[in-house]
Amino acid sequence: MIPLISLKKQYEVIEAELMDEMRKVLRSGQYILGPKVKQLEETVAEKLGVVSAVAVANGTDALILTLDAYDIGEGDEVITTPFTFFSTAEAISRVGAKPVFADVDPQTYTICPNKIKEKITSSTKAIIPVHLFGQCADMDEINRIARERDLLVIEDACQAYGSTYKGKPAGSLGDAGCFSFFPTKNLGTLGDGGMVTTSDTQLAQKIHSLRVHGSIQKYHHQNIGYNSRLDELHAAILLVGLRHIDQWNKQRIALGERYHYKLQGIKHMKLPKTAENCLHVYHLYCIESKNRKQIIEYLQKKNIQTGIYYPCSLHLQEAYHHLGYQMGDFPIAERLSERLFAVPLYPFLSTEDQDAVITALRESEELLQC
Ligand SMILES: *Cc1c(COP(=O)(O)O)cnc(C)c1O
C-alpha cells in the first residue's frame, strides 16, 4: 500500500535527535511551559520575522484564543472560507461570533477577496483567510480590504508552515497567524500543539494570559481564560523538527513539482495551481476531476491511498444548519467538495512510489476513455 501520508521515515531520520532532546526534558523535571517552550517561541518568531510567538495546546485553540483576545464574540461576524477544515469556523462559533462564508477562488482554492467584499456588514470584525493545502491566500488584497474597513486579519496558517507570499512567511502576513502542530501538518509534533504568531505585542500579552486561565502572575486572574498550554516535550520535539523543516518542505516542493511535470496533459484532470509570488509547500497535493469516484477506485485497486479534502463544504454541515445556508450558495466550494482528491505526498515518498501513483493516474484516465 502506498499511503497518502506516512510519518514513519521522517520519524526514523530524527529518532536519535528526538530521544536525546526528550531525555533532557524528562530529566529536567519541568514539563509544561518551561525553557523549551520559550526557545521554540523565540525560534519561530525569529524565523517568521514577527515580534512574538505564543505556544498553545493546538491549532483550534490558537484561533479561539486569538479571537477571544481581540474581544470578538456575541453579535460579531467573522468572514472565512467554507472550504477548509471545520476548525476554522468552529473557533468563530466557539467565541460566540457568527461565521460568514465567502466563496473561494477556483484556481487556488483560497478565499476570494472580491467575495469577501460582498459579505462585509457593520457587524464584521475580522477576516480569517486559510492558507489551504500549503498555499497562501491573496493576502495583499485581503489586507487592503481589511484596512479600508478597519477589520482584523487572522491567518489560519495551520497547513502552511514555511510557505511564503511575496517572499514573506505565512503567519507574518496579517494581524495574527495561527499554526497547528498536529502530527501530519508540515511542521508537526508527536501529539497536539499550536501557536499564535504576531507583531501585536498587546495581543501576544493577552494570549500569554488567556492560555493559563487568564493569569500572568500565578493565582491572580485578570481574565476568564483557558487551559491551553504546550508541553515541554512537544516543544523539544518541535525544536528538532525546526532543524529539518526547510529540507522537508524542499522535498515536498520537489515532489509537487514532479507531479506537476509528469501529470501534464491528462484530460479531465486539473492540477493544483500555484499563484504568482507564492511558495506552495504542498501540505497536500489535490487534483480536481469530475471522474473522482472512478479514479479513486482505480487507485485503490492499485493499492494507492487517496484522501478527500473536504467532502462537505462548511455551509452545508449539520452543525451549521442554523446559519440557513443552502446548496448552491457557494458553487466553487461545492464543486471542489465533489471533485478534489489528494494523492500521496510526504517528504519521504520515494521516487518509485511516486512513479506508481503517476502511472496509475494515467492508466485511470485511459480506462475512463473506453
Ligand atoms: C489542522 C487545522 C486546524 C486545527 O488544528 P488542530 O491543531 O487540529 O486543532 C485548523 N485549521 C486548519 C486549516 C487546519 O488544517
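Residues numbered from 1 in each chain as written. Predicted model: local features only at pLDDT ≥ 70, side-chain atom pairs only at ≥ 80, totals over all residues. Heavy atoms only, no water.

**Notes on the pattern of salt bridges**
What the rule picks out here adds up to 18 salt bridges. Between E288 and R335 there is a salt bridge whose closest N-O contact spans 3.7 Å. Note that E288 is positioned in strand β11 (residues 285–288) and R335 in helix α10 (residues 331–339), a separation of 47 residues in sequence. Overall, the relative accessible area of 30% leaves R335 in the partly exposed class. Within this structure, E17, E21, K24, K36 and R243 form a network of salt bridges that share partners. (Salt bridge = Lys/Arg side-chain N within 4 Å of Asp/Glu carboxyl O. Helix = DSSP H or I, 4+ residues; strand = E, 2+ residues; numbered from the N terminus. Buried < 20%, exposed > 50% of the residue type's maximum accessible area, 1.4 Å probe, protein only.)

**Observations regarding the UniProt feature "modified residue: N6-(pyridoxal phosphate)lysine" (unreviewed entry) in the chain**
The UniProt entry lists K185 under the feature "modified residue: N6-(pyridoxal phosphate)lysine" (unreviewed entry), expressed in the numbering used here. Take K185: it is sitting in the loop between β8 (176–180) and β9 (194–198). Setting aside residues no more than four positions away along its own chain, K185 makes contact with C158, S180, R252 and H283. (UniProt positions renumbered as here; feature names shortened; annotations may be inferred. Contact = heavy atoms within 4.5 Å.)

**Some points on the sheet that holds strand β7 (residues 168–169)**
The three strands are arranged β7-β6-β10 in an open sheet whose pairing can be described as antiparallel. Each of the sheet's edge strands pairs with one partner strand only, and the pair in question is β7 and β10 (278–279). One ladder, built from two bridges, connects strand β6 (residues 164–165) with β7; its direction is antiparallel. Across the sheet, T164 pairs through a bridge with P169, a residue of β7. (Pairing = 2+ DSSP bridges.)

**What to know about the site of the ligand**
In the neighbourhood of the ligand, 13 residues make up the surrounding shell, with G59, T60, D156, S180 and K185 lying closest. Here an oxygen atom of the ligand and a backbone polar atom of G59 are 2.8 Å apart. At 2.6 Å from an oxygen atom of the ligand is found a side-chain nitrogen or oxygen belonging to K185. Residue composition of the shell around the ligand, grouped by class: three nonpolar, eight polar and two charged. (Near = heavy atom within 4 Å. Polar contact = N/O pair within 3.5 Å; in protein donor to acceptor, adjacent residues only side chain to side chain. Nonpolar A, V, L, I, M, F, W, Y, C, P; charged D, E, K, R; others polar.)

**A look at the domain arrangement of the chain**
Where interface size is given, it is often the accessible area lost as the parts come together that is meant. Per the domain assignment, the segments of the chain are domain 1 (7–101 + 109–239) and domain 2 (245–369). Placing the centre of domain 1 and that of domain 2 at their C-alpha centroids yields a distance of 25 Å. Taken together, the 38 residues of domain 1 in the interface contact 35 residues of domain 2. Buried area between domain 1 and domain 2, both sides added, is near 3,200 Å², and the carbon and sulfur share of it is 65%. (Domains from an automatic or database assignment. Buried area = accessible area lost by both parts, 1.4 Å probe.)

**Comments concerning the side chain of Q10**
Of note, Q10 is situated in helix α1 (residues 8–28). Taking the relative accessible area as the measure of exposure, Q10 reaches 11% and is therefore buried. Among all residues touching Q10, those that are not within four sequence positions of it are W248, P347 and F348.

**Quick notes on the pairing of β8**
Across the five residues of β8, five count as buried, placing the element largely inside the fold. Alternating positions in β8 separate into two faces, A176, C178 and S180 on one and G177 and F179 on the other, with burial throughout. Where strand β5 (residues 152–156) lies against β8, three bridges are found, and the strand directions are parallel. Paired with E155 across the two strands is G177, which belongs to β8.

**As for the packing of helix α2 (residues 35–48) against helix α8 (residues 232–262)**
Between two packed helices, what matters for the description is the angle formed by their axes and the separation of those axes. Closest axis-to-axis distance for the α2/α8 pair is 7 Å, and the angle between their directions is 30°. Comparing the axis directions of α2 and α8 gives the class roughly parallel. Considering how the two elements wind past one another, α2 and α8 form a crossing that is left-handed. When α2 is examined against α8, the residues P35, K36, V37, Q39, L40, T43, V44 and K47 are found in contact with a partner set consisting of E232, A235, A236, L238, L239, L242, I245 and D246. Tallied by class, the residues present in the contact of α2 with α8 amount to ten nonpolar, two polar and four charged. (Axes fitted to C-alpha atoms, helices over the stretch in contact; angles between N-to-C directions. Parallel < 35°, antiparallel > 145°, perpendicular 65-115°, else oblique. Left-handed = near helix turned anticlockwise from the far one by under 90°.)

**Points about the side chain of T110**
Its place among the elements puts T110 in the loop between β3 (98–101) and α5 (113–119). You can call T110 buried: its relative accessible area is 3%. Beyond its immediate chain neighbours, meaning those up to four positions away, T110 contacts V104, D105, V130, L132, Q135, C136, A137 and D138.

**Remarks on the sheet that holds β3**
Spatial strand order, β1-β9-β8-β5-β4-β2-β3: seven strands in an open sheet with mixed pairing. Two strands bound the open sheet, and with one partner strand each, they are β1 (52–56) and β3. When the angles between neighbouring strand axes are averaged without regard to direction, this sheet yields 25°. Packed on one face of the sheet, helix α6 (residues 139–149) meets β4 (124–128) and β5 and runs near 150° to β5. Its contacts with the sheet place helix α7 (residues 201–210) against β1, β8 and β9, and it is angled at close to 20° to β1.

**Focus on the packing of aromatic side chains**
Applying the stated rule across the entire model yields twelve aromatic pairs. A centroid spacing of 5.5 Å and a plane angle of 45° characterise the contact between F101 and Y325, whose relative ring orientation is tilted. Remark: Y325 occurs in the loop between α9 (292–301) and α10 and F101 occurs in strand β3; sequence separation between them is 224 residues. Here Y259 and Y285 contribute two aromatic rings whose centre-to-centre distance is 4.8 Å and whose plane-to-plane angle is 35°, an arrangement assigned as tilted. With a gap of 26 residues between them, Y259 in helix α8 and Y285 in strand β11 connect regions that are remote in the sequence. Y259 sits in the buried class, given a relative accessible area of 0%. Overall, Y285 belongs to the buried group, its relative accessible area being 0%. Counting every residue linked through ring pairs, the aromatic cluster contains F83, Y109, F133, Y309 and Y310. (Phe/Tyr/Trp six-rings, centres within 6.5 Å; stacked < 30°, edge-to-face > 60°.)

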